[in-house]
Amino acid sequence: MSDADASEDAAPTDREYAEWLDALADGGGFALVCPDGHGSLPPRRVCPECGSADLSRGALDETGVVETYSVVHVPSPRFADDAPYATAVVDFGPTRLTGVYREGGDAAPDPAVGDRVTVDVGERATDGERLVVFRPADGETGSGIER
Ligand SMILES: [Zn+2]
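Residues numbered from 1 in each chain as written. Predicted model: local features only at pLDDT ≥ 70, side-chain atom pairs only at ≥ 80, totals over all residues. Heavy atoms only, no water.

Applying the stated rule across the entire model yields six salt bridges. Its salt-bridge partner being Arg45, residue Glu16 comes within 2.7 Å of it at the nearest N-O pair. Separated by 29 residues along the polypeptide, Glu16 in helix 1 (residues 12-25) and Arg45 in the loop between strand 2 (39-40) and strand 3 (56-59) bring together distant segments of the chain. Accessibility expressed as a relative area gives 22% for Glu16, which makes it partly exposed. Two residues, Asp127 and Arg124, come together in a salt bridge whose shortest N-O distance is 3.0 Å. Taking the relative accessible area as the measure of exposure, Arg124 reaches 7% and is therefore buried. (Salt bridge = Lys/Arg side-chain N within 4 Å of Asp/Glu carboxyl O. Helix = DSSP H or I, 4+ residues; strand = E, 2+ residues; numbered from the N terminus. Buried < 20%, exposed > 50% of the residue type's maximum accessible area, 1.4 Å probe, protein only.)

Written as structure tokens, this is what we have:
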């Protein structure tokens, strides 16, 4: 499962995830929500919590809250050029997203539990693979002094 030879013949599940990334990049990120309100992400077919197959799309919150994170200094080869980097799990309302936390410039990533972040799609520095990227939400709602 860890060898990286799945580039050409993307499975349908990979395609659905790619389409979800497209939506996220366009600012239309969504979760799959069952009638009980459990959220999950494509390519899910059934709710992972209750097994319901009646999933509909629910918009993600515009900003999320960091629940956990870890800073990686010694990366796997696929992230070699990205280190140090931080991965975070962020609560976006209907569901949680896992992605990479980035701050502007060359600042070392320094997230904290409870931080508000926005979500976007970025590229892994190592090989250009698309991935979910979180950025601090402060810069957009704060004093705006950033030159
Ligand atoms: Zn459910």
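On to the environment of Asp26. Note that Asp26 resides in the loop between helix 1 and strand 1 (30-33). Taking the C-alpha atoms as reference points, Asp26 and Val121, 95 residues apart in sequence, are found 9.0 Å from one another.

Attention now goes to the coordination of the zinc ion. Around the zinc ion, the protein contributes the donor atoms Cys34 (SG), His38 (ND1), Cys47 (SG) and Cys50 (SG), at 2.1 to 2.3 Å from the metal centre. Here the zinc ion is ringed by four donor atoms whose angles at the metal span 103 to 115°, and the overall shape comes out tetrahedral. Within one chain, the residues serving as donors to the zinc ion are arranged as C-x3-H-x8-C-x2-C. (Donors = N, O, S within 2.8 Å, 3.2 Å for Na, K, Ca; no water. Tetrahedral: all angles 85-135°; square planar, octahedral: opposite > 155°, others 65-115°.)

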